[in-house]
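Per-entry structural report
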Amino acid sequence: MSKILIDITRLLYRRLKGKFPTGIDRVSLEYISHYAPQARAVLSLGPFSARLSKHDSAKLFAALVDRTLPFTKIGLCAIAKAFLWRWIMLAADVRGSYFFNTGHMGLEDKDYAWSLRRLGARPIVVIHDLIPVTHPEYCRPGERERHVTRMKCAIVISAGIIANSQQTLNVLEDFGRRHRMPLPPCLVALLAGGIAEHALDARPITAPYFVILGTIEPRKNHWMLLQIWRRLVETMGKSAPKLVVIGQRGWECENVVDLLERTTQLKQSVIELPSCSDQQLATYLHHAQALLFPSFAEGYGMPVTEALSIGVPVIASDLAVFREIAGEVPDYIEPLDGKRWQDVIADYTSPQSTARAAQLQRINTFKPSTWEQHFQAVDQFLLRLEQGSR
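Heads up: these notes are all about the structure in this document. For clarity, every value in this text was computed on a predicted model and none was experimentally measured. (Residues numbered from 1 in each chain as written. Predicted model: local features only at pLDDT ≥ 70, side-chain atom pairs only at ≥ 80, totals over all residues. Heavy atoms only, no water.)

Once that is clear, we can look at the overall build of the protein chain. The helix and strand tally for the protein chain stands at 16 helices and 13 strands. In terms of overall dimensions, the protein chain has a C-alpha envelope of 70 × 45 × 40 Å along the principal axes. Each of the 390 residues in the protein chain was classed as buried or not, and the buried ones make up 53%. Within the structure as shown, the protein chain displays about 17700 Å² of accessible surface, and the carbon and sulfur contribution to it stands at 54%. Computed over 46 positive and 38 negative side-chain charges, the inter-centroid distance for the protein chain is 5 Å. (Helix = DSSP H or I, 4+ residues; strand = E, 2+ residues; numbered from the N terminus. Buried < 20%, exposed > 50% of the residue type's maximum accessible area, 1.4 Å probe, protein only. Areas by Shrake-Rupley, 256 points an atom, 1.4 Å probe, with all protein chains shown as cover. Lys, Arg positive; Asp, Glu negative; His and termini not counted. Charge placed at Lys NZ, Arg CZ, Asp CG, Glu CD.)

Shown next as structure tokens:
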């Protein structure tokens, strides 16, 4: 197989800013873990790119994957080298290399990685979602226009595109048709998780509790869930379940923050965990009555498969991508049906819940995708592209 280059610009930036990995970041880290022995790290800024040495790449890859390692010095050193060498740390053997962009970052510049492409590198772009295009109301102002540019750039420059689900590819194909842009060769490769790999600690909360996992942002629907929790406290009193909110505060979430910080009924019933290690996450999830996922839109929904893979029930919005990756195992509810959400959560709280018991039976039939399967598909895809280019 050809040499591998991996754009680590997004991971480097977020790590230096002290941010915890998002779902996209976790996918990017899996690509590093899989390809690190044969790959080189690349930093990109607009059309310019810098390929790091094998030694510097190995150090940077290791520090990105292992959060216990000191990172700031390694990261800043990599940036300094790229800057001092004026973003030309490339070599003739770049030609034919596969150049992975696994985090969308940089694609908002239509000349993204021009210097690498000029030397013959072949971009492979992983597409996670088109939510800013299809649901701009849940995103930052201006994000729709930026994401349109990203998707157009990906279609134009890519030797191949990897979609995280058939649903994502369907939306991308529709985007291509509307913009009269034929897509390059594409692959659907479902994602996996890493929760099952972690040891579990003792139950963190004595009372029954539920978990919602993800950045606090409008499309995740935290606001509705917190309103439901206020009603549960009012109707059930001390027997009301707890809610564990795991995730960093994002953008345009002031109404959710107000509920978290000011609502008296929620003070003793809602626990906010903006930072959480993978082991803590695994423990909180394992002992929960269920994972709650009331999102309005998702590109994949990795927590859904992670919860099911360790035997934890899921109550989720009725989205096509969830049915693709989890089948009929979860209990699905329309994201705006607050009454139904409240009734199901109250039912799942009880040790005698027949609905929860039924899902626990269905979970036995769930077969999660694995990273081994994902990268087998990706490696075969690269081989097909290799053979097609000869």
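Alright, that's what it looks like, and here's the rest.
The two faces of the sheet receive side chains in turn, since in a regular strand these alternate between them. Note: strand E11 (residues 291-293) against strand E12 (residues 314-317), three bridges, orientation parallel. Along E12, the bridge assignment pairs Phe293 with Ala316. A crossover connection joins E11 to the parallel E12 through helix H12 (residues 302-309); in handedness this β-α-β unit is right-handed. The pairing of E12 with strand E13 (residues 331-333) spans three bridges and is parallel. Bridge pairing links Ser317 to Ile333 in E13. Once the chain exits E12 it traverses helix H13 (residues 320-326) before rejoining the sheet at E13, and the crossover so formed is right-handed. (Pairing = 2+ DSSP bridges. Right-handed = clockwise from strand over helix to strand, strands pointing away.)

On to the sheet that holds E11, then. What links the strands of a sheet is backbone hydrogen bonding, and the strands pair in either a parallel or an antiparallel sense. Read from one edge of the open sheet, six strands run E10-E9-E8-E11-E12-E13, paired in parallel fashion. Looking at which strands have only one partner, the edges of the open sheet turn out to be strand E10 (270-273) and E13. Between one strand and the next, the sheet's axes are offset by a mean angle of 20 degrees, whatever the strand orientation. In the packing of helix H9 (residues 222-236) onto the sheet, the strands contacted are strand E8 (209-213), strand E9 (242-246), E10 and E11, and the crossing angle to E9 comes to about 160 degrees. Lying on the sheet, H12 is in contact with E8, E11 and E12; it crosses E11 at an angle near 160 degrees. (Axes fitted to C-alpha atoms, helices over the stretch in contact; angles between N-to-C directions. Contact = heavy atoms within 4.5 Å.)

Let's shift gears to the sheet that holds strand E3 (residues 48-51). Strand order in the open sheet formed by seven strands is E3-E2-E1-E4-E5-E6-E7, and the pairing between neighbours is mixed. Edge positions in the sheet fall to E3 and strand E7 (186-188), since each has one partner strand and no second. Averaged over neighbouring strand pairs, the angle between their axes works out to 25 degrees when direction is ignored. Bridge count between strand E1 (residues 4-7) and strand E4 (residues 98-101): three bridges; the pairing is parallel. Its bridge partner being in E4, Ile6 is matched across the sheet by Phe100. Together, strand E5 (122-127) and strand E6 (160-163) form the strand contacts of helix H7 (residues 143-157), whose direction differs from that of E5 by roughly 140 degrees.

Before going further, it helps to examine the packing of aromatic side chains. Under the criterion given, the structure shown has eleven aromatic pairs. Both rings, one in Tyr35 and one in Phe100, keep their centres 5.3 Å apart while their planes meet at 25 degrees; by these two values the pair is stacked. On the criterion of sequence distance, the pair formed by Tyr35 in helix H2 (residues 23-35) and Phe100 in strand E4 is long-range, its members being 65 residues apart. The same class applies to Tyr35 and to Phe100, which are both buried. Members of the aromatic cluster, connected to one another through ring pairs, are Tyr31, Tyr35, Phe100, Trp371 and Phe375. Sitting over the ring of Phe20, Arg67 keeps its end group 5.1 Å from the ring centre. Over the ring of Tyr98 we find Arg122, and its NZ or CZ is 4.1 Å from the ring centre. (Phe/Tyr/Trp six-rings, centres within 6.5 Å; stacked < 30°, edge-to-face > 60°. Lys NZ or Arg CZ within 6 Å of the ring centre and 35° of its normal.)

Moving on, we get to the pattern of salt bridges. Counted under the stated rule, the structure contains 20 salt bridges. Arg14 is paired through a salt bridge with Asp25; the nearest N and O atoms lie 2.6 Å apart. Of the two residues, Arg14 is situated in helix H1 (residues 9-16) and Asp25 in helix H2; the sequence distance between them amounts to eleven residues. Residue Arg14 is classed as buried on the basis of its relative accessible area, which comes to 15%. For Arg249, the salt bridge identified is with Glu272, shortest N-O distance 2.9 Å. In this pair, Arg249 is assigned in the loop between E9 and helix H10 (254-262) and Glu272 in strand E10, connecting sequence segments 23 residues apart. Here Glu272 falls in the partly exposed class, since its relative accessible area comes to 24%. One connected set of salt bridges, linked through shared partners, spans Glu108, Glu143, Arg146 and Arg150. (Salt bridge = Lys/Arg side-chain N within 4 Å of Asp/Glu carboxyl O.)

Here we come to the packing of H9 against H10. Relative placement of two packed helices is described by the angle separating their axes and the distance separating the axes. Interhelical geometry of H9 versus H10 gives an angle of 25 degrees and a closest axis separation of 9 Å. As far as their axial angle goes, H10 and H9 are roughly parallel. Read as a crossing pair, H9 and H10 show a hand that is left-handed. Here H9 contributes His222, Trp223, Leu226, Gln227 and Arg230 to the contact with H10, which in turn contributes Asn255, Val256, Leu259 and Leu260. Split by residue class, the contact of H9 with H10 holds five nonpolar, three polar and one charged. (Parallel < 35°, antiparallel > 145°, perpendicular 65-115°, else oblique. Left-handed = near helix turned anticlockwise from the far one by under 90°. Nonpolar A, V, L, I, M, F, W, Y, C, P; charged D, E, K, R; others polar.)

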